[in-house]
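Survey of secondary and tertiary structure
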Amino acid sequence: MKMADYVRPMDVVQEAVELAKRKSELSIRDMLIRGILAGAFLGYATSLVFVILSQGLPPIVGAILFPVGFVILVLLGLELVTGNFALLPAGVMAGKIRITKLLRNWAWVYLGNLIGSLLYAVLFYLAITNWRTGNGGAIADLLKQAAQKKTVAYMALGSSGWATAMVKAVLCNWMVTIGAMLSLVSRSTVGKIAAMWLPIMTFFALGFEHSVVNMFLIPSGMLLGAPISVGQALLWNLLPVTLGNVVAGTLLTGMSLYATYPTQAVPAVSKAEVLPAEQNEQQTAFAAAAGGLR
């Protein structure tokens, strides 16, 4: 990434606010379509990781490759609710977005991400089981184990498990929303990819909790036979993880970056200040013209 491509932090926040405003004005149709596609592409990336793990490769290899899904959806301008948990609060702080617009975006994009994740989960399930004629092999075993680890394992710990899921979600989306911000830090495509890759790889390598990733992972495990109920998936994962993702995006990224890099408003110029300046310019022009006639 050339230094000429680099965008300063205060300008990144300014662009984030403008981007948030555009996102808040999207139609329901566009939020759903873009949300569905984003959920599916993140499912692609997650399933890629499990294919890698099933081949006996180290988990860090999966973490290095996982950001492909995030990069694809950002470069296509799609809607990922976890990124919007940071962008839109910055827009609210800047006075560009109303709270109702923020909630509208979050709700529809969340629904779109869920639909896309479930759609890809069903298609991936049919693919690895040869249209339900097989058991999915090693990939299926790993998915079932991961799904149970993210639900019934937390349930076994009671309130401590619920709190653990939420803390892991906070730590996850702190990095994810930094990735969303860093997508604006370069003018070049290569620079954007490199900047986004780092925090996304970091959160996945650390094993933290991302609500949209789990919208694919847990249903996939359930389809493959993991003993998890819908209620357990919602109560012991999606609820605490979504809340943790919201807290991190809103407080630790969106509001904190805006607080230290507030957007600069252009000062209003009064008519009294403009008139003398215009009169001086006119006087200078007349003097120059008179000099030229001599």
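Calculation rules
Residues numbered from 1 in each chain as written. Predicted model: local features only at pLDDT ≥ 70, side-chain atom pairs only at ≥ 80, totals over all residues. Heavy atoms only, no water. Helix = DSSP H or I, 4+ residues; strand = E, 2+ residues; numbered from the N terminus. Buried < 20%, exposed > 50% of the residue type's maximum accessible area, 1.4 Å probe, protein only. Contact = heavy atoms within 4.5 Å. Areas by Shrake-Rupley, 256 points an atom, 1.4 Å probe, with all protein chains shown as cover. Polar contact = N/O pair within 3.5 Å; in protein donor to acceptor, adjacent residues only side chain to side chain. 1 Å grid on protein atoms, 1.4 Å probe; cavity = no way out; pocket = protein on both sides within 12 Å on 5 of 7 lines; lining within 4 Å. Points joined across faces, edges and corners; volume = space filled by probe spheres on them. Nonpolar A, V, L, I, M, F, W, Y, C, P; charged D, E, K, R; others polar. Phe/Tyr/Trp six-rings, centres within 6.5 Å; stacked < 30°, edge-to-face > 60°. Expected span 1.5 Å × (residues − 1).

**With respect to the overall build of the chain**
Each helix and strand counted, the chain has 13 helices and zero strands in total. From first element to last, N terminus to C terminus, the chain shows the α and β order α-α-α-α-α-α-α-α-α-α-α-α-α. Expressed as a percentage of the 294 residues in the chain, the buried residues total 43%. When contacts within the chain are restricted to residue pairs at least 6 apart in sequence, those whose partners lie at least 24 apart make up 83%. Counting every atom, the chain has about 14,400 Å² of accessible surface; 68% of that belongs to carbon and sulfur.

**Quick look at the side chain of Ser 47**
Following the sequence through the fold, Ser 47 ends up in helix α2 (residues 28-54). Among the polar contacts made by the side chain of Ser 47, one reaches the main-chain carbonyl oxygen of Tyr 44 at a distance of 2.8 Å.

**Focus on the layout of surface pockets**
Taken as a whole, the largest pocket holds about 530 Å³ of empty space. Residue lining of the largest pocket: 23 residues in total, with Phe 50, Ala 146, Lys 149, Lys 150 and Gly 207 positioned closest to the centre. Among the elements that take part in the lining of the largest pocket, helix α7 (residues 137-149) stands out by supplying four residues, more than any other. When grouped by side-chain class, the residues that make up the lining of the largest pocket number 15 nonpolar, four polar and four charged. The space that makes up the second largest pocket amounts to roughly 300 Å³. Considering the residues around the second largest pocket, the lining is formed by 19 residues, among which Leu 19, Lys 23, Val 74, Gly 77 and Ser 183 are closest to the centre. Listing elements by their share of the lining of the second largest pocket, those giving two or more residues are α1 (9-24), α4 (68-75), α5 (81-93) and α10 (189-205). Split into classes, the residues belonging to the lining of the second largest pocket amount to 11 nonpolar, four polar and four charged.

**Focus on the packing of aromatic side chains**
Inspection of every chain in the model, using the stated rule, returns nine aromatic pairs. The interplanar angle of 70° and the centroid separation of 6.0 Å between the aromatic rings of Phe 124 and Phe 216 together place this pair among those described as edge-to-face. Pair noted here: Phe 124 is in helix α6 (residues 99-128) and Phe 216 is in helix α11 (residues 211-223), with a separation of 92 residues, a long-range link. Residue class for Phe 124 comes out buried when judged on its relative accessible area of 11%. Take Phe 216: its relative accessible area is 1%, and that puts it in the buried class. Here the aromatic cluster, defined as three or more aromatic residues joined through ring pairs, consists of Phe 41, Tyr 44, Tyr 120, Phe 124 and Phe 216.

**Focus on α6**
With 30 residues, α6 ought to run about 44 Å at 1.5 Å a step, and its terminal C-alpha atoms sit 43 Å apart, in line with that. Looking one or two places after α6, you find Asn 130, whose phi comes out positive at around 50°.

**Digging into the environment of Arg 187**
Here Arg 187 shows up in the loop between α9 (159-182) and α10. Since its relative accessible area comes to 55%, Arg 187 is described here as exposed. Each C-alpha atom of the pair Arg 187 and Asp 5 lies 5.0 Å from the other, and the pair is 182 residues apart in sequence. Arg 187 has contacts with Asp 5, Val 7 and Glu 15, leaving out every residue within four places of it along the chain.

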